[in-house]
Amino acid sequence: MLWFVYILKCSNGSVYVGSTSNLSERFDRHRSGDGAAHTAKCPPERVIWSEEYSSLNAAVTRERQLKGWSRAKKLALANGQFADLRKLAKRRSG
């Protein structure tokens, strides 16, 4: 079974990160208001990015990573601006 990690662009300009085994069905649930609290308040317009994973564990790990990213970094990923990802990373204190 394949798993997907995805980023949605919502009606208010926000982005939402999630994971699922059926991306089109999950998107439809978000659109109907039955997907997540955030997307119930701010319905998604479209999927702007997704990746496939061969295990649930790998997908959940990646989802958690992306949820820790800034909005700008998520949008850079979705737009294929891979060179910008490093400069958008939060600085680590040390």
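From a predicted model like this one, the values you see are computed outputs, not experimental measurements. (Residues numbered from 1 in each chain as written. Predicted model: local features only at pLDDT ≥ 70, side-chain atom pairs only at ≥ 80, totals over all residues. Heavy atoms only, no water.)

A. Just the nonpolar core, in detail. Within the largest apolar cluster, 15 residues are counted, with the highest numbers of intra-cluster contacts made by Val5, Ile7, Trp49, Leu66 and Leu77. Going through the elements one at a time, strand 1 (3-10), strand 2 (15-20), strand 3 (44-53), helix 3 (56-67) and helix 4 (71-78) are the ones with two or more residues in this core. Excluding its chain neighbours within four sequence positions, the residues that come into contact with Ile7 are Val15, Tyr16, Val17, Arg46, Val47, Ile48, Trp49, Lys74 and Leu77. Cys10, Leu23, Phe27 and Cys42 belong to the second-largest nonpolar core, a separate cluster that totals nine residues. (Core = buried A, V, L, I, M, F, W, Y, C linked by side-chain atoms within 4.5 Å. Buried < 20%, exposed > 50% of the residue type's maximum accessible area, 1.4 Å probe, protein only. Helix = DSSP H or I, 4+ residues; strand = E, 2+ residues; numbered from the N terminus. Contact = heavy atoms within 4.5 Å.)

B. Layout of the sheet that holds strand 2. Here we have three strands laid out as an open sheet, ordered 2-1-3, and antiparallel in their pairing. Of all strands in the sheet, those with a lone pairing partner are strand 2 and strand 3, marking the two edges. Neighbouring strand axes in the sheet, compared pairwise and without regard to direction, differ in orientation by 20 degrees on average. Pairing between strand 1 and strand 3: eight bridges, direction antiparallel. Within the sheet, the bridge partner assigned to Trp3 lies in strand 3 and is Tyr53. Where helix 1 (residues 23-32) meets the sheet, its contacts fall on strand 1, strand 2 and strand 3, and the angle it forms with strand 3 comes to roughly 150 degrees. Its contacts with the sheet put helix 3 on strand 1, strand 2 and strand 3, and the angle it makes with strand 2 is roughly 170 degrees. (Pairing = 2+ DSSP bridges. Axes fitted to C-alpha atoms, helices over the stretch in contact; angles between N-to-C directions.)

C. Layout of the packing of aromatic side chains. On inspection of all chains with the given rule, the structure shows one aromatic pair. Each ring, one from Tyr6 and one from Tyr16, has its centre 6.4 Å from the other, and the planes form 40 degrees; the classification is tilted. With a gap of ten residues between them, Tyr6 in strand 1 and Tyr16 in strand 2 connect regions that are remote in the sequence. Given the relative accessible area of 1%, Tyr6 is considered buried. By relative accessible area, Tyr16 is classed as buried at 15%. Looking at Lys73, its charged tip hangs above the ring of Trp69, at a distance of 4.2 Å from the centre. (Phe/Tyr/Trp six-rings, centres within 6.5 Å; stacked < 30°, edge-to-face > 60°. Lys NZ or Arg CZ within 6 Å of the ring centre and 35° of its normal.)

D. Main features of the pattern of salt bridges. In total, this model carries six salt bridges according to the counting rule given. Two residues, Arg46 and Glu45, come together in a salt bridge whose shortest N-O distance is 3.9 Å. Relative accessible area serves as the criterion here: at 44%, Arg46 is assigned to the partly exposed category. A salt bridge links Glu63 to Lys67, with the shortest nitrogen-to-oxygen separation between them at 3.1 Å. Residue Glu63 and its partner Lys67 are located together in helix 3, separated by four residues, close to a single helical turn. Here the salt bridges do not stand alone but share partners, grouping Lys9, Glu45 and Arg46 into one network. (Salt bridge = Lys/Arg side-chain N within 4 Å of Asp/Glu carboxyl O.)

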